[in-house]
Amino acid sequence: MTSQTSSDCLFCKIVAGEIPGDRVAESERSIAFRDIKPAAPVHVLVVPRRHEPTVGALAAASDVDLADVFRLAAQVADQEGVPDAYRMIVNTGSAAGQTVFHAHVHVLAGVAFTEGRMV
Ligand code: 5GP
Ligand code: ZN
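This write-up is about the structure you can find in this document. (Residues numbered from 1 in each chain as written. Chains lettered and ligands numbered in written order. Predicted model: local features only at pLDDT ≥ 70, side-chain atom pairs only at ≥ 80, totals over all residues. Heavy atoms only, no water.)

## A short note on the coordination of the zinc ion (ligand 2)
Coordination sphere of the zinc ion (ligand 2), protein contribution only: Cys9 (SG), Cys12 (SG), His51 (ND1) and His102 (ND1), at 2.0 to 2.3 Å. Geometry at the zinc ion (ligand 2) is tetrahedral, judged from its four donor atoms and the angles of 107 to 116° they form at the metal. For the zinc ion (ligand 2), the donor residues sit on a single chain with the sequence spacing C-x2-C-x38-H-x50-H. Here His51 lies in the loop between strand 3 (42-48) and helix 2 (55-61) and Cys12 lies in helix 1 (residues 10-16), a separation of 39 residues in the sequence. With respect to class, Cys12 is no different from His51; both count as buried. (Donors = N, O, S within 2.8 Å, 3.2 Å for Na, K, Ca; no water. Tetrahedral: all angles 85-135°; square planar, octahedral: opposite > 155°, others 65-115°. Helix = DSSP H or I, 4+ residues; strand = E, 2+ residues; numbered from the N terminus. Buried < 20%, exposed > 50% of the residue type's maximum accessible area, 1.4 Å probe, protein only.)

## Some points on the pattern of salt bridges
On inspection of all chains with the given rule, the structure shows eight salt bridges. A salt bridge links Glu26 to Arg49; its shortest N-O distance comes to 2.9 Å. Of this pair, Glu26 sits in strand 1 (residues 23-26) while Arg49 sits in the loop between strand 3 and helix 2; the two residues are 23 residues apart in sequence, bridging distant segments of the chain. Since its relative accessible area comes to 45%, Glu26 is described here as partly exposed. (Salt bridge = Lys/Arg side-chain N within 4 Å of Asp/Glu carboxyl O.)

## Some thoughts on the site of ligand 1
Lining the immediate surroundings of ligand 1 are 16 residues, of which Arg34, Asp35, Gly97, Thr99 and His106 lie closest. Contact between ligand 1 and His106: an oxygen atom at 2.8 Å from a side-chain N or O atom of the residue. Within the complex, 83% of the 520 Å² of free accessible area of ligand 1 lies under protein. Counting residues per element, the shell around ligand 1 draws most heavily on helix 1, which supplies three residues. Grouping the constituent residues of the shell around ligand 1 by class yields seven nonpolar, six polar and three charged. (Near = heavy atom within 4 Å. Polar contact = N/O pair within 3.5 Å; in protein donor to acceptor, adjacent residues only side chain to side chain. Areas by Shrake-Rupley, 256 points an atom, 1.4 Å probe, with all protein chains shown as cover. Nonpolar A, V, L, I, M, F, W, Y, C, P; charged D, E, K, R; others polar.)

Laid out in C-alpha coordinates, this is it:
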(Lines give C-alpha, C1' and ligand atoms only; values in the text may rest on other atoms or scores of the structure.)
(Ligands and ions follow the chains in the order given, each with its own letter.)
Protein backbone atom coordinates (compact mmCIF):
# COMPACT_ATOMS: atom_id res chain seq x y z
CA MET A 1 0.00 0.00 0.00
CA THR A 2 1.42 3.35 -0.98
CA SER A 3 -1.46 5.73 -0.37
CA GLN A 4 -0.67 8.66 1.88
CA THR A 5 -3.14 7.64 4.57
CA SER A 6 -4.93 4.43 5.31
CA SER A 7 -8.33 4.51 6.99
CA ASP A 8 -7.77 1.27 8.90
CA CYS A 9 -4.23 2.09 10.07
CA LEU A 10 -3.64 2.60 13.80
CA PHE A 11 -0.72 5.01 13.37
CA CYS A 12 -2.58 7.06 10.72
CA LYS A 13 -5.30 7.49 13.35
CA ILE A 14 -2.73 8.64 15.93
CA VAL A 15 -1.21 11.02 13.33
CA ALA A 16 -4.70 12.42 12.66
CA GLY A 17 -5.43 12.74 16.39
CA GLU A 18 -8.40 10.38 16.07
CA ILE A 19 -7.00 8.17 18.80
CA PRO A 20 -4.73 9.44 21.56
CA GLY A 21 -0.99 9.17 21.45
CA ASP A 22 1.40 10.49 24.10
CA ARG A 23 3.27 12.84 21.75
CA VAL A 24 6.76 13.90 22.70
CA ALA A 25 7.84 15.65 19.49
CA GLU A 26 6.69 16.43 16.02
CA SER A 27 7.78 18.00 12.77
CA GLU A 28 5.96 18.96 9.62
CA ARG A 29 6.44 15.43 8.27
CA SER A 30 6.71 13.11 11.29
CA ILE A 31 5.45 12.59 14.83
CA ALA A 32 6.93 10.88 17.90
CA PHE A 33 4.88 9.31 20.70
CA ARG A 34 5.50 6.90 23.55
CA ASP A 35 5.00 3.20 22.91
CA ILE A 36 1.90 1.95 24.75
CA LYS A 37 3.83 -1.11 25.95
CA PRO A 38 7.34 0.17 26.63
CA ALA A 39 10.19 -2.32 26.40
CA ALA A 40 12.63 0.12 28.06
CA PRO A 41 12.39 3.26 30.24
CA VAL A 42 12.62 5.32 27.06
CA HIS A 43 10.56 3.78 24.25
CA VAL A 44 9.31 6.22 21.67
CA LEU A 45 7.91 5.50 18.22
CA VAL A 46 8.73 7.90 15.40
CA VAL A 47 6.44 7.69 12.39
CA PRO A 48 6.05 9.63 9.15
CA ARG A 49 2.72 11.41 8.77
CA ARG A 50 2.54 9.81 5.32
CA HIS A 51 1.36 6.21 5.29
CA GLU A 52 3.86 3.69 3.99
CA PRO A 53 3.80 0.12 5.28
CA THR A 54 7.52 -0.26 5.98
CA VAL A 55 10.64 1.88 6.30
CA GLY A 56 11.88 0.32 3.04
CA ALA A 57 8.73 1.46 1.27
CA LEU A 58 9.16 4.91 2.82
CA ALA A 59 12.74 5.07 1.54
CA ALA A 60 11.55 4.15 -1.95
CA ALA A 61 8.76 6.74 -1.81
CA SER A 62 10.41 9.78 -0.26
CA ASP A 63 13.99 10.62 0.69
CA VAL A 64 12.70 13.68 2.51
CA ASP A 65 10.23 11.78 4.69
CA LEU A 66 12.77 9.07 5.43
CA ALA A 67 15.38 11.60 6.52
CA ASP A 68 12.84 13.47 8.61
CA VAL A 69 11.89 10.35 10.60
CA PHE A 70 15.52 9.73 11.53
CA ARG A 71 16.16 13.41 12.27
CA LEU A 72 13.18 13.50 14.63
CA ALA A 73 14.29 10.21 16.24
CA ALA A 74 17.69 11.74 17.04
CA GLN A 75 15.94 14.85 18.39
CA VAL A 76 13.83 12.62 20.67
CA ALA A 77 16.98 10.96 22.02
CA ASP A 78 18.39 14.44 22.78
CA GLN A 79 15.16 15.50 24.47
CA GLU A 80 15.05 12.33 26.54
CA GLY A 81 18.58 13.03 27.76
CA VAL A 82 20.23 10.07 26.00
CA PRO A 83 21.92 11.65 22.96
CA ASP A 84 24.70 9.05 22.96
CA ALA A 85 23.03 6.03 24.55
CA TYR A 86 20.10 4.82 22.48
CA ARG A 87 19.12 2.31 19.85
CA MET A 88 16.88 2.76 16.86
CA ILE A 89 15.11 -0.42 15.84
CA VAL A 90 13.06 -1.02 12.71
CA ASN A 91 11.12 -4.26 12.42
CA THR A 92 10.14 -5.23 8.89
CA GLY A 93 7.67 -8.05 8.27
CA SER A 94 5.66 -10.05 10.76
CA ALA A 95 8.37 -12.72 10.96
CA ALA A 96 10.68 -9.98 12.28
CA GLY A 97 8.12 -8.74 14.78
CA GLN A 98 6.39 -5.97 12.85
CA THR A 99 2.82 -5.68 14.09
CA VAL A 100 1.81 -2.22 12.81
CA PHE A 101 2.23 -1.78 9.07
CA HIS A 102 2.84 1.96 9.09
CA ALA A 103 6.57 2.72 8.90
CA HIS A 104 8.08 3.48 12.30
CA VAL A 105 11.37 3.63 14.15
CA HIS A 106 11.60 2.54 17.78
CA VAL A 107 13.88 4.75 19.92
CA LEU A 108 14.96 2.76 22.96
CA ALA A 109 17.12 3.83 25.89
CA GLY A 110 17.58 3.56 29.62
CA VAL A 111 18.75 -0.03 29.68
CA ALA A 112 22.28 -1.46 29.65
CA PHE A 113 22.94 -2.42 26.05
CA THR A 114 25.46 -5.17 25.59
CA GLU A 115 28.24 -4.35 23.15
CA GLY A 116 28.41 -6.87 20.34
CA ARG A 117 24.98 -8.26 21.07
CA MET A 118 22.33 -7.04 18.69
CA VAL A 119 19.50 -9.41 19.57
P1 5GP B 1 6.25 -3.18 15.73
O2 5GP B 1 6.04 -4.45 16.50
O3 5GP B 1 5.30 -3.11 14.54
O4 5GP B 1 7.67 -2.93 15.34
O5 5GP B 1 5.90 -2.01 16.71
C6 5GP B 1 4.60 -1.60 16.97
C7 5GP B 1 4.61 -0.97 18.33
O8 5GP B 1 3.42 -0.24 18.48
C9 5GP B 1 4.66 -1.97 19.49
O10 5GP B 1 5.85 -1.76 20.26
C11 5GP B 1 3.38 -1.68 20.28
O12 5GP B 1 3.57 -1.75 21.69
C13 5GP B 1 3.03 -0.28 19.82
N14 5GP B 1 1.61 0.00 19.86
C15 5GP B 1 0.60 -0.82 19.47
N16 5GP B 1 -0.59 -0.20 19.62
C17 5GP B 1 -0.31 1.03 20.11
C18 5GP B 1 -1.14 2.15 20.46
O19 5GP B 1 -2.37 2.13 20.35
N20 5GP B 1 -0.51 3.26 20.94
C21 5GP B 1 0.86 3.31 21.08
N22 5GP B 1 1.37 4.44 21.57
N23 5GP B 1 1.66 2.29 20.74
C24 5GP B 1 1.08 1.16 20.26
ZN1 ZN C 1 -0.78 4.48 8.40
